[in-house]
Amino acid sequence: MTAFCIYIAQTCWSTAANWDGDVLPGATDIAEIGNGNTGLATATADYSAGSTTVNGLSVGINGNASGTINLTGGTITVNNTGGLQVGSNNNSNGTVNINGGTLEIQQANNFIGNASTGKGVINLNSGTLRNASGNFTNFWMGNGGGNAEFNIRGGNLSGIRMTLNGGGTGTT
């Protein structure tokens with residue numbers, strides 16, 4: 001069964017007390033940063049070292065939420081079940097800043113700027129964003145009328161297919 005780990009602080013990902021229930025998210029959990037329904041509606045998590053596998057990673061989800069993750073080192077792996085959602089659901093904003101380290105995605109379908117007025121932004125400045133499954137990973141951008149940005153200023157991008165979808169807007 002998938003559990004939800006809700007980020008409830010404004011600092012380091014690797015501090016258990018920053019998560020609901022004082023437990024770090026693990027391979028069976030969906031890590032949520034900025035959830036308008038529970039936890040902090042506006043949250044920023046910094047990840048700088050180590051290796052973590054989660055079932056899913058949701059950044060800025062549910063109405064009126066704003067979430068940001070700053071990856072500067074280490075590796076976050078999103079396994080083949082939950083996927084990545086950035087700025088998902090109405091009036092939500094999500095940002096993933098990759099300034100070092102590695103974000104590995106195994107799920108085939110991921111959503112950036114999902115649903116009407118949802119806005120998702122990925123900034124790849126350095127570090128790596130890659131598909132870890134061996135098959136292509138789809139980033140559905142602007143799905144359902146959302147707004148998506150994918151900014152590549154440096155770093156490494158591998159095995160990711162971006163698709164503008166469902167009447168939304170997107171830039172790369």
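If you're wondering where the values come from, they're calculated on a predicted model, not measured in any experiment.

Rules behind the numbers
Residues numbered from 1 in each chain as written. Predicted model: local features only at pLDDT ≥ 70, side-chain atom pairs only at ≥ 80, totals over all residues. Heavy atoms only, no water. Helix = DSSP H or I, 4+ residues; strand = E, 2+ residues; numbered from the N terminus. Rg over C-alpha atoms; globule rule 2.2 N^0.38 Å. Buried < 20%, exposed > 50% of the residue type's maximum accessible area, 1.4 Å probe, protein only. Contact = heavy atoms within 4.5 Å. Areas by Shrake-Rupley, 256 points an atom, 1.4 Å probe, with all protein chains shown as cover. Lys, Arg positive; Asp, Glu negative; His and termini not counted. Charge placed at Lys NZ, Arg CZ, Asp CG, Glu CD. Salt bridge = Lys/Arg side-chain N within 4 Å of Asp/Glu carboxyl O. pLDDT = per-residue confidence, 0-100. Pairing = 2+ DSSP bridges.

Attention now moves to the overall build of the protein chain. From N to C terminus, the protein chain includes 0 helices and 14 strands. Along the protein chain, helices and strands appear, N-terminal first, in the series β-β-β-β-β-β-β-β-β-β-β-β-β-β. Computed over its C-alpha atoms, the radius of gyration of the protein chain comes to 14 Å, within 12% of the 16 Å expected for a compact globule of 172 residues. Seen along its three principal axes, the alpha-carbon backbone of the protein chain occupies a region of about 40 × 30 × 30 Å. When burial is assessed residue by residue, the protein chain has 48% of its 172 residues classed as buried. Counting contacts in the protein chain only where the partners sit at least 6 residues apart, residues at least 24 apart contribute 76% of the total. Working note: accessible area of the protein chain is about 6900 Å², and carbon and sulfur atoms make up 46% of it. In the protein chain, 4 side chains carry a positive charge and 7 a negative one; their mean positions are 18 Å apart.

Now for the pattern of salt bridges. Throughout the structure, instances matching the rule amount to 2 salt bridges. One salt bridge in this structure joins R130 and E104, with 2.4 Å as the shortest N-O distance. Taken together, the positions of R130 in strand β9 (residues 119-131) and E104 in strand β7 (residues 93-105) put the pair 26 residues apart, joining distant regions of the chain. Given the relative accessible area of 33%, R130 is considered partly exposed. Here E104 falls in the buried class, since its relative accessible area comes to 14%. Here K119 ties to E149 by a salt bridge, and the two come within 3.2 Å at their closest N and O atoms. Note that K119 is positioned in strand β9 and E149 in strand β11 (residues 147-152), a separation of 30 residues in sequence.

Taken residue by residue, the protein chain gives an average pLDDT of 87. The fraction at 70 or more is 92%. Ranking the elements of the protein chain by mean pLDDT puts strand β14 (residues 169-171) last, at 56, and β7 first, at 97.

A few words now on the pairing of strand β6 (residues 75-88). Pairing geometry for strand β4 (residues 51-61) and β6, over 9 bridges, is parallel. Following the sheet pairing, I61 is matched in β6 by S88. The pairing of β6 with β7 spans 4 bridges and is parallel. Each residue of the ladder has a partner; that of I76, found in β7, is L103. Sheet topology note: the β6/strand β8 (residues 109-114) ladder contains 3 bridges and is parallel. When the bridges of β8 are listed, V86 appears paired with I112.

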